[in-house]
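Descriptive structure summary
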Amino acid sequence: MTAKPSTKAIVVFDIDGVVRDVGNSYRRALADTVEYFTDNTYRPTSLEIDQLKSEGIWNNDWEASQEFIYRYFASQGTPREQLQLNYETIVTFFQSRYRGLDPQNWTGYICDEPLLLQPSYLEHLTQADIAWGFFSGATRASATYVLEKRLGLQSPVLIAMEDAPGKPDPTGLFATLNHLENGLETTSTVIYVGDTVADMYTVGKARELQPHRTWIGVGILPPHVQETATRCEAYAQTLVTAGAAVVLSNVEQLIPDTIAELLINSH
């Protein structure tokens, strides 16, 4: 028997690093972009990308790419005010790597992203009377590609990049809840599952703005940090410091029993 929590729970998932492994897609496209716009002189390492994202404001990989380019040239003595960077050009190059060059038939890195959960996992949540949805900084097209085409979900509740301000602004998280609750019950405990500092900050800001309900941040270790125990521990500590109640190595470990425990411990 699966323990059913006495309080209703809603689980909202981030997508990148939680539902799909983007180590060789988004992050690779980011590194390609920085390398291209620094004239093949600088390519950020995986650790450097983590360090930038640990600042909590670079959830958007297009903006992160631009920031890396700015910082590289600043380190070479050219202040950002003197650079003529065109953001749209950066985005276009990034997308040519991530999606591919054909806008209709994607052939880029997105096609090879390993999935980190299976549809059966979400079905188990539904059976345990736990509502779920998605709030992601990914574009709607990219998020829909993985949720509907890869996972086979039928019109899941999704708030994507075009629908809300970027994290850590919690507007998109609130919008996801509005869809899931349909304006009826606003007493459910909300669990937001993410893999970055910005995700955990989002939970903290949601708690500040809507203190009448319980907010729980669950951190997930993305695959790229799980290569060494040292990096794993450091990344987990970063998420805990940012507000995670618990850190898991895979999203499918967040089973109904674990959710029930989180609910008990949060009250």
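All chains use their own residue numbering, which begins from 1 and follows the written sequence. In view of the model being predicted, local features appear only for residues whose pLDDT reaches at least 70, and side-chain atom pairs are presented and counted only at 80 or more, with totals across whole chains, interfaces and linings using the full set of residues. The basis for every side-chain value is the complete set of non-hydrogen atoms in the structure, without hydrogens or water.

1. Section: the packing of helix H2 (residues 46-53) against helix H3 (residues 61-75)
What counts here: For every element, the axis is a line fit to its C-alpha atoms; helices are fit only across the contacting stretch, and the angle between N-to-C directions ranges from 0 to 180 degrees. Numbering goes from the N terminus for both helices and strands, where a helix is a DSSP run of H or I of at least four residues and a strand is a run of E of at least two. Angles below 35 degrees are treated as roughly parallel, those above 145 as roughly antiparallel, those between 65 and 115 as roughly perpendicular, and all remaining angles as oblique. We call two residues in contact when some of their heavy atoms are within 4.5 Å. Polar here means any residue other than Ala, Val, Leu, Ile, Met, Phe, Trp, Tyr, Cys and Pro, which are nonpolar, and Asp, Glu, Lys and Arg, which are charged; Gly is therefore polar.
Remark: H2 packs on H3, axes separated minimally by 11 Å, with the N-to-C direction vectors making an angle of 105°. With respect to each other, H2 and H3 are oriented roughly perpendicular. Where H2 approaches H3, its residues Glu48, Ile49, Leu52 and Lys53 are matched on the opposing element by Asp61, Ala64, Glu67, Phe68 and Arg71. Residues that form the contact of H2 with H3 fall into these classes: four nonpolar, no polar and five charged.

2. Looking at the nonpolar core
Worth spelling out the cut-off: For our purposes a nonpolar core is just a set of buried Ala, Val, Leu, Ile, Met, Phe, Trp, Tyr and Cys residues, chained together by side-chain atoms within 4.5 Å. Burial here depends on accessible area, computed with a 1.4 Å probe over protein chains only, as a share of the maximum for the residue type. Under 20% is buried, over 50% is exposed, and the range in between is partly exposed.
Core analysis: the biggest nonpolar cluster contains 60 residues, and Phe13, Phe134, Val193 and Leu254 have the highest contact counts within it. With seven residues, H3 is the single largest residue contributor to this core. Ignoring anything within four residues of it in the chain, the contact list for Leu254 reads Val11, Tyr121, Leu125, Ile191, Val193, Val218, Leu248, Ile259 and Leu262. Ile10, Val12, Ala164 and Val203 belong to the second-largest nonpolar core, a separate cluster that totals 13 residues.

3. Remarks on the sheet that holds strand E2 (residues 131-135)
Quick reminder of the rule: For two strands to be treated as a pair, DSSP must find at least two bridges joining them.
Here we have six strands laid out as an open sheet, ordered E3-E2-E1-E4-E5-E6, and parallel in their pairing. Edge positions in the sheet fall to strand E3 (158-159) and strand E6 (246-248), since each has one partner strand and no second. In this sheet, E6 lies alongside strand E5 (residues 215-220) in parallel orientation, the contact comprising three bridges. The partner of Ile220 across the bridge, within E6, is Leu248.

4. A closer look at H3
Stated formally: Expected helix span is computed as 1.5 Å times (number of residues minus one). What qualifies as a polar contact is a pair of N or O atoms within 3.5 Å, subject to a donor-acceptor requirement within protein and to the restriction that residues adjacent in sequence count only when both atoms come from side chains.
Given a rise of 1.5 Å per residue, 15 residues ought to cover 21 Å, and the 21 Å separating the end C-alpha atoms of H3 matches this to within 8%. With eleven of 15 residues buried, H3 is to be regarded as a mostly interior element. Structurally, H3 contributes buried residues whose contacts are with helix H1 (26-37), H2 and helix H4 (87-98). If you check the start of H3, you find a side-chain oxygen 2.8 Å away from the backbone N of Trp62, and it comes from Asn60. Phi turns positive, to about 100°, at Gly77, one or two residues after H3.

5. Observations concerning unusual backbone geometry
Cis geometry marks the peptide bond from Lys167 to Pro168; its omega dihedral reads 15°. Residue placement: Pro168 occurs in the loop between E3 and helix H7 (171-181). Non-glycine residue Asp129 carries a positive phi angle of around 65°. For Asp129, the position within the fold is in the loop between helix H5 (119-127) and E2. Residue Asp129 is classed as partly exposed on the basis of its relative accessible area of 46%. Although it is not a glycine, Ser155 sits at a positive phi angle of roughly 45°. Position of Ser155 among the secondary structure elements: in the loop between helix H6 (140-150) and E3.

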